[in-house]
Every structure is written in structure tokens, then in C-alpha cells.
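Analysis of the macromolecular model
Given next are the chains, with one letter for each unit.
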Amino acid sequence: MAHGVSVLALLVVFATSTLAQAKAQELPVSEVAPGIFVHQGQTALMTGENEGATANIGFIIGESAVAVIDTGGSVREGQRLLAAIRARTDKPIRYVIYTHGHPDHVFGGAAFAGDGTEFVGHRNLPRALAARGPFYLDAFRRIMGAQSLDGVRMIPPTLLVDGTIKLDLGSRTLTLKSWPAAHSDNDVTVFDEQTKTLFAGDLVFLGHIPVLDGSIRGWLAVIDELGALPAQRVIPGHGPVSEWPGALADQRRYLETLAADVRKLVARGAPITVAADTAAAGERPRWQLFDDYNARNATSAFSEIEWE
Amino acid sequence: MPGRRFHLLCIASLLSVMLAGARVAPAATPEANDPWPGLVQDIFNNRPMNDGADVIAIEMPYRAEDAAIVPVTLRTKLPPGDSRRVLRITLVIDQNPAPMAAKFELGPDANVTEISTRVRVNNYTDVHAVAELSDGKLYMTKTYVKASGGCSAPATKVADEAKNRLGQMRYRQFARAGEGRAGQGSGQGPASGTREAQIMIGHPSHSGLQMDQVTQLYIPAFFVDQLRLWQDDSLVLAMEGGISISEDPNIRFTYVSNGATRFRAEARDTEGHVFQKEWKVDDSGI
Ligand SMILES: [Zn+2]
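1. Side note on the overall build of chain A
- Helices and strands together make up the secondary structure of chain A, namely eight helices and 13 strands.
- Expressed as lengths along the three principal axes of its C-alpha atoms, the size of chain A is roughly 65 × 45 × 35 Å.
- A total of 308 residues make up chain A; the buried ones form 61% of that total.
- Sequence-distant contacts, at least 24 apart, represent 68% of the contacts inside chain A between residues at least 6 apart.
- With an accessible surface of roughly 11,400 Å², chain A has 52% of that area assigned to carbon and sulfur atoms.

2. Some points on the pairing of strand S2 (residues 36-39) of chain A
All names here are of chain A.
- What you see with S2 is no split at all: Ile 36 and Val 38 on one side and Phe 37 and His 39 on the other are buried throughout.
- Sheet analysis places strand S1 (residues 30-33) next to S2, joined by three bridges and oriented antiparallel. Looking at the pairing, Glu 31 lines up with Phe 37 of S2.
- Following S1, the chain reverses through two residues before pairing antiparallel with S2; Gly 35 in that reversal takes a positive phi of roughly 80 degrees.
- Bridge count between S2 and strand S3 (residues 57-61): four bridges; the pairing is antiparallel. Within the sheet, the bridge partner assigned to His 39 lies in S3 and is Ile 57.

3. A few points about the sheet that holds strand S3 (residues 70-76) of chain B
Residue and element names in this part refer to chain B.
- If you trace the six strands from one edge of the open sheet to the other, you get S2-S3-S6-S13-S10-S9, paired in antiparallel fashion. Each edge of the sheet is formed by a strand with only one pairing partner; in this case those strands are strand S2 (56-59) and strand S9 (169-174). Recorded for the sheet is a direction-independent mean angle of 15 degrees between the axes of neighbouring strands.
- Taken together, the two bridges between strand S6 (residues 114-119) and strand S13 (residues 250-256) define a ladder with antiparallel strand orientation. The residue of S13 that forms the bridge with Ser 116 is Arg 252.

4. Quick look at the coordination of the zinc ion
Residues and elements named next belong to chain A.
- Here the zinc ion is held by the protein donor atoms His 100 (NE2), His 102 (ND1), His 183 (NE2) and Asp 202 (OD), which lie 2.1 to 2.2 Å from it.
- Between consecutive donor residues of the zinc ion, the sequence gaps follow H-x1-H-x80-H-x18-D. Taken together, the residues His 100 in the loop between strand S5 (93-97) and helix H3 (103-106) and Asp 202 in strand S11 (residues 197-205) connect sequence positions 102 residues apart. Across the pair, exposure class does not vary: His 100 and Asp 202 are buried alike.

5. Quick word on the environment of A:Arg86
- Within the secondary structure layout, A:Arg86 lies in helix H2 (residues 75-86).
- Sequence spacing of A:Arg86 and A:Glu26 is 60 residues, and the spatial spacing of their C-alpha atoms is 9.0 Å.

6. Side note on H2(A)
- Taking 1.5 Å of rise per residue, the twelve residues of H2(A) would be expected to cover 16 Å, and the 16 Å separating its terminal C-alpha atoms lies within 8% of that figure.
- Close packing links the buried residues of H2(A) with S2, S3, strand S4 (66-69) and S5 of chain A.

7. Topic: unusual backbone geometry
- The omega angle of the peptide bond from A:Trp244 to A:Pro245 is 0 degrees, so this bond is cis rather than trans.
- Turning to its location among the elements, A:Pro245 is positioned in the loop between strand S13 (242-243) and helix H6 (249-267).
- A positive phi angle is found at B:Asn46, which is not glycine, with a value near 65 degrees.
- Here B:Asn46 lies in the loop between helix H2 (36-44) and strand S1 (49-51).
- One non-glycine residue with positive phi stands out, namely B:Asp232, at about 45 degrees.
- Relative to the elements of secondary structure, B:Asp232 occurs in the loop between strand S11 (224-231) and strand S12 (234-241).

8. Quick notes on the pattern of salt bridges
Residues and elements named next belong to chain A.
- For the structure shown, the criterion picks out 36 salt bridges over all chains.
- For Asp 192, the salt bridge is made with Arg 172, and the minimal N-O distance between the two is 2.9 Å. With Asp 192 in strand S10 (residues 188-192) and Arg 172 in the loop between strand S8 (164-168) and strand S9 (173-178), this residue pair connects regions lying 20 residues apart in the sequence. Judged on exposure class, the residue Asp 192 and its partner Arg 172 are both buried.
- Notably, a salt bridge pairs Lys 264 with Asp 261, separated by 3.9 Å at the nearest N-O pair. In this pair, Lys 264 and Asp 261 both sit in helix H6, three residues apart, roughly one turn of the helix.
- The class of Lys 264 is exposed, set by a relative accessible area of 57%.
- Residue classification places Asp 261 among the partly exposed residues on the basis of a relative accessible area of 23%.

9. What about the interface of chain A and chain B?
- Listed by partner, the interface residues are 41 residues for chain A and 40 residues for chain B.
- When the area that chain A buries against chain B is broken down by residue, the three leading residues are A:Phe135, A:Arg142 and A:Trp307, summing to 24%.
- The interface formed by chain A and chain B includes two salt bridges.
- On the surface where chain A and chain B come into contact, there are ten residue pairs in polar contact (both at pLDDT 80 or more).
- Listed by contribution, the elements that provide at least two residues to the side of chain A that touches chain B are helix H4 (125-144), H6, helix H7 (272-278) and helix H8 (290-305) of chain A.
- The leading source of residues in the side of chain A that touches chain B is H4(A), at ten residues.
- Broken down by class, the residue content of the side of chain A that touches chain B amounts to 20 nonpolar, nine polar and twelve charged.

Rules used throughout
- Residues numbered from 1 in each chain as written.
- Chains lettered and ligands numbered in written order.
- Predicted model: local features only at pLDDT ≥ 70, side-chain atom pairs only at ≥ 80, totals over all residues.
- Heavy atoms only, no water.
- Helix = DSSP H or I, 4+ residues; strand = E, 2+ residues; numbered from the N terminus.
- Buried < 20%, exposed > 50% of the residue type's maximum accessible area, 1.4 Å probe, protein only.
- Contact = heavy atoms within 4.5 Å.
- Areas by Shrake-Rupley, 256 points an atom, 1.4 Å probe, with all protein chains shown as cover.
- Pairing = 2+ DSSP bridges.
- Axes fitted to C-alpha atoms, helices over the stretch in contact; angles between N-to-C directions.
- Donors = N, O, S within 2.8 Å, 3.2 Å for Na, K, Ca; no water.
- Expected span 1.5 Å × (residues − 1).
- Salt bridge = Lys/Arg side-chain N within 4 Å of Asp/Glu carboxyl O.
- Buried area = accessible area lost by both parts, 1.4 Å probe.
- Polar contact = N/O pair within 3.5 Å; in protein donor to acceptor, adjacent residues only side chain to side chain.
- Nonpolar A, V, L, I, M, F, W, Y, C, P; charged D, E, K, R; others polar.

Structure (C-alpha cells):
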């Protein structure tokens, strides 16, 4: 199998270079399990310099087809992912699966738009992209510069996940599951039965502080259910590929602490601004990008928990 | 009719933003194209703006952490003995698609001195607070807010859940500092001085979606455009709101009790739903 792939890879590299098609440099990826390739994003905010390459993205090669899981934070990153795929196989890319609709996961989609590639996502994803897409394009043009936004299009999924669906890549079955509101209101996980590998999207963060853009109570409930999945390893949305379900522990502690702190503030009648300044402050040394996201998480958690 | 004029403003500003969006915008700095003079014309009919530094204060975090939920506090600063009264306060978020976020009308006898709410912030923007006093003049103050970074968007977070809460209303009264500690403030009788209270309304406050060619999604704007609060039959505070008010509108304010035993709220949204609820002041759980 590995031998076959490398022969193919040689052929493809040769073919693409003669076509002068792959101007994009290959995105570095590692094979974390047979046929499963991952690019680990930088733990950073999306910028023009990093081409938005902050999320973990990857692809899975089956006997007859390839599935891409998230497309990166720019068309440039998407093209580089495509180059990495074409360096390894010339099988058709049948699916592009979005774990959710955040810019660092979907901005590269246009690199894969074409005949025979179906975009797959949560049943709420089209709505989320329609509601947020124009804002994201504006905001990130400002943040990353117009050049980095070149060609970025929000490509809504046409194959929607509502519950569980299975995708066949040829002797390789992926199980996709849609989750109730947690990190966002459109989270999907991808489980490779063959290698027991879970692409968790942003339902799992490691090292990078979890980012709350959905429901803190929903997320805590989802963590319990996620932990029961029979995976051996997880590819989190951000952070290193890790063993399962141990990878959930840090994030669970953070979200539980945040919820408990916010609950106390709500009970004593503190205004929302106090939550932004104080909730989960003890978690600060344990996470990267804490100052970029904790106040936001606390604000969001407060506006949810005050309705309990 | 103020409601109608307000809608026209919303639509006009949405259109102008859509048109502006069609151009290739250079790195957008508010200074480059200051919308404020135009807003003074549209919203305030070009009435002169007086320096409001001694009349009204506006507090917002320097950076919008969550673009969908940016806390803002308005505080009146008229000294005791000043014969003028604040009639209304207009909150304008210059760079938002619908800049006029809210217009608050202060009840004649309630002595509201502080109003906090939460708004959506789309961009780096000036935020203006304009107080209209009983002397017939407008007094303006402003602050500046940096847009949030990352994947934070000024949109409804969990669209389904917001819909499930539609029309729920909650009232809560807080102990004021110096008038009994929180959690044990039941000694505060109905006739005692300044109170602090909060009203929450479950509403998705959806800013609307343009028709998407691929998904065929089109959702019209849907938000609370009117809220009125009374103690017994005396108006405490009224708000005319727009899509810049965060989902589940939340207003926290101070007022002076007139001895009323009931607190009453009525909200109306753009689809004509009317939500009403009243609470016994003593039951409100200080
Ligand atoms: Zn995300």
C-alpha cells in the first residue's frame, strides 16, 4: 500500500510539474495513520503572513477516492493542501468535508471547487455561511489584507449531515456525525473506521485555548458523548494529534471552570463586563492565546448562563 | 411616526453598505470616510451637537471581544440641582450596517441615570451617545471600539435556541452598592431610593440574510423594535431598537421607585408579536 502510494506520488509529481500546474508549494503534512494526512496549523491568529493556516486540516485516501477535511484559512492554503494531495495520489477528490464554518476551516474551499467534488457539512452550515460569510470576508480582508482574501468564496455544502452518515472512499468508510450546538452551531466530526482516527474539528482544542462560538452547556454535554467514541487518536481543530479520549481533559477542565465562574457571577448579580475581566482567570497560564479569546468566551458564556 | 422613519433609516443604511461593499475597499479606517456628519443629518435632522462631556458618558470595552455581544453603558452626568432633565438618549454605532442602535426615552418621574445593554459591532467604529435634554438641545459624547478578531461574528450564535426563547421575558432587581449587599437585599422596601433592575427578552434579533444564489436562503430582518417598561402606570424607560442590539435584548438600568408594587414590560418585534409580562416588585428577588 505504502509502496503503491509512493509510486503514484512520483507519477503525480512528474505529471503536475510538466503541466506547470502546481505553482502552489506543498503544504507540509504528516501521515498520522495509514492513508490519513494532517497539516498541523500554527497556534496563532490568522494573518496575512501565515496565510490563515492556523487550523488543522487534512485528507484521507481510500481505494477509489479522497476526502478532504477542512480547507484552510485562504485559497492559497487550500491550493497548497491540494498540492500535497496530488503529490501523493491522483485519485479523485470526491468529498470536501467541513467540520464547521469558521474562516480558518472554510476559506480554502475554492481550491477544491469543481466537477465531481461534493461539499459536505452540518445541516446548519448553509445558514451559518449565509449569515456570516459576507461579514467574514470583510473582516478578514481588513485583518489579513486584500491579497490573502483573493478568490475566497463561501461554498455551501450540498450534502448535509443531520445525524450520522457514512461516506465510502473505496474499502474505507468514514462516519460523519452532526452535533448539537457546542463550539459552534454547525459542528461535524469525521471518524475513520479503519484506523479509529477521529477528526474532531473545533470540538477539541489542545494547547490553543478553546473558542466558544456556540453553547458552553452544549459543548460540555457533547464532550461527554464524544469521549465515548471508540477512537484511538484525535486530530483536534487546533493543537497536536493526540490520544483519545485523554485529549479531552484540559478542555473539559477549562469549560467547566468557565461555566462555574460565570454561574457565580450571574448569581450575585455582577454585570457581564465583570465576567469578561475575571471568569476563568486561573486558567491563564495553561493556554496559548488566552488573552485573545478568554474574555470573549466569558462574555458568550455569561449571555447563555444568565438564561438558566 | 418614529417607527416608520426608523425602518427607512435601516434600509437606507443597509443599502449604502451593500453598495459600498461592492467596491474594492482599501484598508478601512473610520477616519478615511467618517460617516458621522451624514448620520447627524439622517438621524438628528442636522440639529446642532453640543459637547456632552458634562451631560452623558458612554462606556464600552476598547476592543469588542465578542462581536455579537459588546457591552455598553450610558450614564447621565447632570449634577443634582440642574434644572434640566434627560429626555432621551440615542446610541449610534457609526460603522454598523444599521448605525442607529437604539433610542432610549427616559420616564419623566423615574430618574433613570444609567442604562447598560449589549450591541453588535461590525467594524472599527466610533460609537456616539446623544442626549436630548429638556432645554431642547442635543449633547453628544463618543467612544471608539476596535472590532473583534478571529471567528467572532455579529450574528446570532445558535439560531435554533434563540428561536426557542422567543418572547420569554425576565425581570430581575439588584441591590445597589451601599444599599445592602447582593443576595441579602430584601430589606430594601419599595419606597427606598435608587434601584437597579434588568429586563431580558428572548429574541433571535436576526439581522436578516440576503438571498444566497446557491442555498436560496433568504431571511428577513427580525428583531425587537420597541420595548416599554413601567412601574405601575408610570413609564420608566422605553427603547426603540434596531438590529445592532444583541440577540436576547438585555437592558440593565437604574431608576427611582415611585412606590409602585408592579413592574410591567411590553415588547414588540418587527413581525408584530407583542410580548407582555408583569411582576410584583416585592417578588422580584432582589
Ligand atoms: Zn472554529
